[in-house]
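So you can see what is in the structure, the chains are spelled out below.
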Amino acid sequence: MDDEITAEDGNCLFTFDGRILERFGRDPLRFHVRSMHLQVTGPDRKGRRQVEISHGRPGEPGFSHSWSYTAGEWERARGLAALLEAVQAAIDAAPGRPAG
């Protein structure tokens with residue numbers, strides 16, 4: 001990936017350059033695809049979604065951060081779904097990551 005992807009959720013700006021995911025705004029965070037686990041769940045029956053990002057591997061996470069979006073917040077989060085899909089694809093393709 002040569003281009004940076006950006007997204008906003010109303011509170012934070014997210015950027016992803018193919019290797020590093022950064023969140024600017026409340027509690028700025030930075031994650032590298034080779035040591036990151038991403039999980040997006042939902043929508044539940046009320047349309048809420050949960051996003052969790054952690055350093056480490058699935059089953060052995062280190063530091064993690066999670067946040068929730070209502071259905072309306074998710075819809076207004078310009079580009080966030082596409083950014084998170086690109087992050088997951090990069091995590092899956094990262095060298096040295098275990099399969100599965």
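Only a predicted model underlies this, so the values are computations on that prediction, with no experimental measurement involved.

Participant: Which residues make up the overall build of the protein chain, and what values do they have?
Facilitator: Each helix and strand in the protein chain was counted, giving two helices and seven strands. Listing the helices and strands of the protein chain from first to last along the sequence gives β-β-β-β-β-β-β-α-α. A sequence separation of at least 24 residues applies to 37% of the contacts in the protein chain between residues at least 6 apart. Of the roughly 6100 Å² that the protein chain leaves accessible, carbon and sulfur atoms contribute 47%.

Participant: Tell me what's going on with the pattern of salt bridges, and back it up with residues and numbers.
Facilitator: In total, this model carries three salt bridges according to the counting rule given. Of the charged contacts in the structure, one is a salt bridge between E22 and R30, with a shortest N-O distance of 3.2 Å. Of the residues examined, R30 reaches a relative accessible area of 53% and is grouped as exposed.

Participant: How would you sum up the sheet that holds strand 2 (residues 13-16)? Please name residues and give values.
Facilitator: Here four strands make up an open sheet; going across it, the order is 1-2-3-4 and the pairing antiparallel. Edge positions in the sheet fall to strand 1 (5-8) and strand 4 (29-32), since each of these pairs with one other strand and no more. Here the strands of the sheet are splayed against their neighbours by 15 degrees on average, with no regard to which way each runs. When strand 1 meets strand 2, the two strands line up antiparallel, connected through four bridges. Residue pairing in the sheet places I5 in a bridge with F16 of strand 2. Contacts from helix 2 (residues 80-93) reach strand 1, strand 2 and strand 3 (20-24) within the one sheet, and its direction differs from that of strand 2 by about 35 degrees.

Here is what the cut-offs are and how they apply
Residues numbered from 1 in each chain as written. Predicted model: local features only at pLDDT ≥ 70, side-chain atom pairs only at ≥ 80, totals over all residues. Heavy atoms only, no water. Helix = DSSP H or I, 4+ residues; strand = E, 2+ residues; numbered from the N terminus. Contact = heavy atoms within 4.5 Å. Areas by Shrake-Rupley, 256 points an atom, 1.4 Å probe, with all protein chains shown as cover. Salt bridge = Lys/Arg side-chain N within 4 Å of Asp/Glu carboxyl O. Buried < 20%, exposed > 50% of the residue type's maximum accessible area, 1.4 Å probe, protein only. Pairing = 2+ DSSP bridges. Axes fitted to C-alpha atoms, helices over the stretch in contact; angles between N-to-C directions.

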